[in-house]
Amino acid sequence: MAFTLSEIMAARRQQSQAQPSAQRGSRTAVEVDEYSTNPTQAFTFYNINQGRFQPPHVHMVDPMPHDTPKPPGYTRFVCVSDTHSRTDSIQMPYGDVFIHAGDFTELGLPSEVKKFNDWLGTLPYDIKIVIAGNHELTFDQEFMADLIKQDFYYFPSASKLKPENYENVQSLLTNCIYLQDSEVTVRGFRIYGSPWQPWYYGWGFNLPRGQALLDKWNQIPDNTDILVTHCPPLGFLDWVPKKMQRVGCMELLNTVQRRVQPKVHVFGHIHEGYGMMTDGTTTFVNASACTVNFLPMNPPIVIDLPNPRTT
């Protein structure tokens with residue numbers, strides 16, 4: 001297990017001394033899973049013993065063609081992720097609400113953020129929602145503070161930045177709604193966004209598997225309609241063929257399936273996992289635009305949802 005960077009800032013200072021959990025309502029409270037630290041083992045165990053990831057309830061879904069007419073009374077969501085400053089060749093389809101699930105830059109440099117914001121400004125969608133990913137280093141203020149203190153040059157162009165150059169980097173995103181462990185309601189849909197993921201080679205928004213990540217997922221409100229995270233849940237579009245490993249988060253999976261049960265869960269992070277799946281309750285969307293070779297070849301994924309009834 002390779003943490004470091006001060007053991008991921010001492011598990012984020014013990015999660016800011018244990019943040020309060022979200023309202024759990026009547027749904028099942030989630031605890032740390034016994035297989036939390038070994039996602040591949042967890043997948044195998046639950047698949048063999050519980051059939052948790054098997055058809056008919058769990059299966060792949062074919063993405064909807066972009067030219068499909070939108071039914072009356074529906075909202076069309078256009079989902080992308082992991083564009084990594086490579087947006088010029090991406091053909092954006094018609095839609096109402098744009099969602100980007102993080103890694104819109106290479107390192108979160110202010111110049112990259114400005115370029116991304118300019119691109120957002122050219123998009124015709126009524127609402128644009130964005131979260132950060134592990135590549136948005138400057139959006140993770142604790143990470144940057146530790147990076148500079150340690151004189152760590154794994155990310156030289158980021159570690160040489162002065163605090164005044166990145167402290168307000170979020171303010172550069174003027175053409176979207178930026179979510180970070182926060183929510184917004186648009187067109188009657190409650191949307192929650194969070195950038196965290198299990199430790200991943202010492203990048204931004206990393207946390208150890210287990211309680212530290214569960215504390216973040218506990219902040220997700222029960223009645224969320226659309227969940228946007230950067231990392232995938234275990235077993236859904238999280239397979240890394242080169243390493244023959246599952247890398248999704250067990251606590252995120254349990255939070256999604258046992259407590260929150262959103263209509264849609266949008267994420268990215270694992271480029272090889274691009275596509276859609278369902279468990280019969282939630283549609284899981286890995287919207288990574290870039291391939292494992294960082295070529296922006298995967299088209300945006302569109303989803304139509306019936307507008308919530310107004311009382």
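Within an unreviewed UniProt entry, the label attached to the protein chain reads Calcineurin-like phosphoesterase domain-containing protein, and the organism entered is Takifugu bimaculatus. Its UniProt record, at the heading Sequence similarities (unreviewed entry), says of the protein chain: "Belongs to the UPF0046 family."

A. Here's a closer look at the layout of surface pockets. Of the volumes computed, that of the largest pocket is approximately 900 Å³. Every element with two or more residues in the lining of the largest pocket is listed here: α2 (39-50) and β12 (245-246). Residues that form the lining of the largest pocket fall into these classes: 19 nonpolar, nine polar and seven charged.

B. Spotlight on the packing of aromatic side chains. Counting across every chain of the model gives 18 aromatic pairs. Seen in terms of ring centroids, F104 and F139 are 5.7 Å apart; in terms of plane orientation they differ by 85°. Their pairing is edge-to-face. On the criterion of sequence distance, the pair formed by F104 in the loop between β3 (97-100) and α3 (110-122) and F139 in the loop between β4 (127-130) and α4 (141-149) is long-range, its members being 35 residues apart. Assessed through its relative accessible area of 2%, F139 is described here as buried. Members of the aromatic cluster, connected to one another through ring pairs, are F98, F104, F116, W119, Y125, F139 and Y178. Over the ring of Y46 we find R52; its NZ or CZ atom is 5.5 Å from the centre of that ring. Above the ring of F43, the side-chain terminus of R246 is found at 4.0 Å from the ring centroid.

C. Inspection of the nonpolar core at higher detail. Core analysis: the biggest nonpolar cluster contains 46 residues, and F98, L120, V130, F139, L173 and W217 have the highest contact counts within it. Of all elements in the fold, only α2, β2 (74-80), α3, α7 (211-217) and α8 (250-260) reach the threshold of two or more residues within this core. Per element, the largest residue contribution to this core is five residues, and it comes from α8. Among all residues touching F98, those that are not within four sequence positions of it are V78, V80, M92, W119, L120, L123, Y125, I127, K128, I129 and V130. In terms of nonpolar packing, the next biggest core, distinct from the first, is built from 23 residues, A101, V228, V264 and M276 among them.

D. Structural context of the pairing of strand β6 (residues 182-186). The pairing of β6 with strand β7 (residues 189-194) spans five bridges and is classified as antiparallel. In the sheet register, V186 faces β7, and the bridge partner there is F189. Counting the residues that bridge the hairpin from β6 to β7 gives two residues, and of these R187 lies at a positive phi of roughly 50°.

E. Structural detail: the environment of N298. Among the secondary structure elements, N298 is positioned in the loop between β15 (283-286) and β16 (301-306). Owing to a relative accessible area of 16%, N298 belongs among the buried residues under this scheme. Spatially, the C-alpha atom of N298 lies 32 Å from that of F45, the residues being 253 residues apart in sequence. Contact partners of N298, with chain neighbours within four places excluded, come to H271, Y274, S288, A289, C290 and T291. One polar contact links the side chain of N298 to the main-chain carbonyl oxygen of S288, over a distance of 3.0 Å.

Calculation rules
Residues numbered from 1 in each chain as written. Predicted model: local features only at pLDDT ≥ 70, side-chain atom pairs only at ≥ 80, totals over all residues. Heavy atoms only, no water. UniProt positions renumbered as here; feature names shortened; annotations may be inferred. 1 Å grid on protein atoms, 1.4 Å probe; cavity = no way out; pocket = protein on both sides within 12 Å on 5 of 7 lines; lining within 4 Å. Points joined across faces, edges and corners; volume = space filled by probe spheres on them. Helix = DSSP H or I, 4+ residues; strand = E, 2+ residues; numbered from the N terminus. Nonpolar A, V, L, I, M, F, W, Y, C, P; charged D, E, K, R; others polar. Phe/Tyr/Trp six-rings, centres within 6.5 Å; stacked < 30°, edge-to-face > 60°. Buried < 20%, exposed > 50% of the residue type's maximum accessible area, 1.4 Å probe, protein only. Lys NZ or Arg CZ within 6 Å of the ring centre and 35° of its normal. Core = buried A, V, L, I, M, F, W, Y, C linked by side-chain atoms within 4.5 Å. Contact = heavy atoms within 4.5 Å. Pairing = 2+ DSSP bridges. Polar contact = N/O pair within 3.5 Å; in protein donor to acceptor, adjacent residues only side chain to side chain.

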